[in-house]
Amino acid sequence: MNDDRLPPVAPEVTATLVEGLSPRLRKRLDAAVTKLGARPTRREGDTATIEVDDETELRLYAPTGVVAKAEDITCGCLLAPACVHRAAAACAAPTADPAPDPAEQPADPAPDPAEHPTPQAPGPASATGPAADLGVDAAPDPAPDPTPGTASAPETASPAQRAAADALWAAGAAVLEAGVDGAGAVAQSALLRAAHTARLRHLPRAAGAALSVVTLLRAARAGDPSYRTAELVTALAELLGTARRVGMASGAELAAVRGRVRRPYSPDGSLRLYGLFTEPVVTDSGHGGVRTWVAGVDGRLFTVGDVAPGGVGRALGVADRAVRLGDSALTHRELGRAGLAVSGATVSPDGRLGAGKGVKAVTARGAAWTDPPLAALWETPPSEQAARALRSVSRYADPDGGGSDLLFLDVELLGAVREPGGTCLLARCEGGVPVRLTVADDDPALAHRDNLALLAAAPGARLRIIGRLASAPHPRLTLLACSHPTGDGTVDLGLDRLRRADLPDPAAPVHFAPPQAAGPGAQSPLYLLERRVEQTVPAGRAALGMLGDVTAETRRIRRAGLPTAAALLTALCASAAQRDRDLFGRLLPADTDGFATYWLSAARYTAAVSESLCSAAWNPTREGPAAVSPVPVHETAG
């Protein structure tokens, strides 16, 4: 059965069907989902039909594109409607996104799936111990002004919201307890029910996090090649952290923790825009297209995208299609080097330009990267640009914070450097900081890989580049665009192909740069804690509890100046291994809440320290990450 051919099912429908099964059938549910996966499926109009066997058919009816009621899934077997097939089909189908409230309906097209495939998590907290702050550093929605002359207490979560948050915490902690291998359809159903309840209680951020966890669990259990354990770690930490904060937050912070279902476009008047570059977008989910970046006269960055199902072939084709914005006839490639005058503009918080009916746009003159207003983008010091971009690429970035992850640098190419994962290009930017430049996409149909190889044959060349920050303990960017090596103009490195004749010395071979000194965080033993956090997710708490003594690891971490990390590792492993017995020697239930709390603290802590190490690497004038890290970090490693 191909899930792509099944209509999405509302979370509450899946939860209702699973909850209606008898205990015996619940034990058979995962096997039933797998069995249905091997059966043929056909789609006719609003109905998808699965052939359970030669005599039985299962139907999913979605008149609005989504299966919205349990009665819309019917089965022809003798046990229906109390059979396992209906619940299995709901679990096998994609989970439908919750419908936005009428007041939150966006005025422009739905968010680009390539830009925001999953809900974002709250900002990182400063962890200072095993009971680290699990707060949300999100930019809150403005709180209403109190009535003049009165002093009102800050708003707190209602009892219903606290109960919904507690249910989300319990469901997330159960997933962490069981791990991917044990989090089957029943555990996922509990998450879906909790997400639905949270949505009804106006907690869309936590509900979205729960749906993300379910999607990633299904991908992991199905062996989806696009699945990454780190993504599930982030989603679980988002879910648990947001659920925990609901009962503790008040006032404006509570509004931030609640979140919003949709990030609406807002009017932005008239804009004069200048094209920067166009990048191809290809996602693991099969979407393809392009995203064109433009800048306003004040340096603000905006994007115009066209991403839809189609993969890399669509990405290459869309680049030469007209931009869907007003009356402009420019293609995306042309817009990356031209300009636009827009009236009635609408803009999302992350800078995407809306294409509503009231938006008018006409072609205007562009600007070179060395001319105003674009030249100002390269005048900000690299360390300040990296700090700004890091707030955007953070694993727990503020979803309403906006900002860009792009860096604008003037560099001197040094040559190629070999890495365990392949070869990248080494360059030197302002302040003598060595920066590693990597390909944004390794697909051979795109030009990234070939262009980077050619640039490695031009040591000494000075280029003006645009890249996307990669969070690493050393300065690292994915290279997106650059000035032409020998002529005027710019190169979109994913779409335009450089030739040997474009290099200063066309006959020069690839040059390999000498080894570079490691960054301040390169030898940090933080990975010892990070890997324990990740190991918990696939196999659950019990697997971590069998690791045994971690004294050697904690000693090494303490010698590196990370006492909080050492304490967290000790507490996490001790909590995983702890199982008390009653008076008769029988094992008592494990303390899932305590373990989830330590795991969440460790996950958020490692993210915060990793980002501090990345920020420190871009600051050559500082002695090390201790100046920017929320915890003591030193360059010496055990």
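If you're wondering where the values come from, they're calculated on a predicted model, not measured in any experiment.

For the rest of this paragraph, the subject is the packing of aromatic side chains. Using the criterion set out here, one finds three aromatic pairs in the structure. Between the aromatic rings of Phe-277 and Trp-293, the centroid separation amounts to 6.3 Å while the plane-to-plane angle is 10 degrees, which identifies the pairing as stacked. Here Phe-277, found in strand β5 (residues 266-282), pairs with Trp-293, found in strand β6 (residues 287-296); they are 16 residues apart in sequence, far enough to count as distant. The same class applies to Phe-277 as to Trp-293, namely buried. When the ring centre of Phe-512 is taken as origin, the NZ or CZ atom of Arg-418, which lies over that ring, is 3.8 Å away.

What follows is about the pattern of salt bridges. One pass over the structure, following the stated rule, counts 30 salt bridges. Between Glu-253 and Arg-245 there is a salt bridge; the shortest N-O distance is 2.2 Å. Relative accessible area serves as the criterion here: at 10%, Arg-245 is assigned to the buried category. Between Asp-320 and Arg-333 there is a salt bridge, and its shortest N-O distance comes to 2.9 Å. Pair noted here: Asp-320 is in the loop between α10 (311-318) and α11 (332-335) and Arg-333 is in helix α11, with a separation of 13 residues, a long-range link. Note on Asp-320: relative accessible area 46%, which makes it partly exposed. The class for Arg-333 is partly exposed, based on a relative accessible area of 22%. Linked by salt bridges that have partners in common, Arg-42, Glu-44, Glu-51, Glu-57 and Arg-59 make up one network.

Take the sheet that holds strand β7 (residues 301-309) next. Strand order in this open sheet of five strands is β7-β6-β5-β8-β9, and the pairing throughout is antiparallel. Of all strands in the sheet, those bounded by a partner on one side alone are β7 and β9 (360-364). Between one strand and the next, the sheet's axes are offset by a mean angle of 35 degrees, whatever the strand orientation. Here seven bridges tie β5 to strand β8 (residues 339-347), and the two strands are oriented antiparallel to one another. Note on β8: the bridge partner recorded for Gly-269 is Ala-345. Helix-sheet contacts for α10 involve β5, β6 and β7, and the interaxial angle to β6 is about 40 degrees.

Moving on, we come to the state of the cysteines. With the rule as written, the count across this model stands at zero disulfides. Cysteine Cys-83 is unpaired, with the sulfur of Cys-77 as its nearest cysteine sulfur at 3.7 Å. A relative accessible area of 3% places Cys-83 in the buried class.

Turning our eyes to something else, we now look at helix α5 (residues 159-182). Of all the bends in α5, the greatest measures close to 60 degrees and is centred on Leu-176. What α5 keeps buried is the set Gln-161, Ala-164, Ala-165, Leu-168, Trp-169, Ala-171, Gly-172, Ala-173, Val-175, Leu-176, Gly-179 and Val-180.

The rules behind the values
Residues numbered from 1 in each chain as written. Predicted model: local features only at pLDDT ≥ 70, side-chain atom pairs only at ≥ 80, totals over all residues. Heavy atoms only, no water. Phe/Tyr/Trp six-rings, centres within 6.5 Å; stacked < 30°, edge-to-face > 60°. Helix = DSSP H or I, 4+ residues; strand = E, 2+ residues; numbered from the N terminus. Buried < 20%, exposed > 50% of the residue type's maximum accessible area, 1.4 Å probe, protein only. Lys NZ or Arg CZ within 6 Å of the ring centre and 35° of its normal. Salt bridge = Lys/Arg side-chain N within 4 Å of Asp/Glu carboxyl O. Pairing = 2+ DSSP bridges. Axes fitted to C-alpha atoms, helices over the stretch in contact; angles between N-to-C directions. Contact = heavy atoms within 4.5 Å. Disulfide = S-S within 2.5 Å. Bend = angle between axes of the 7 residues up to and from the residue.

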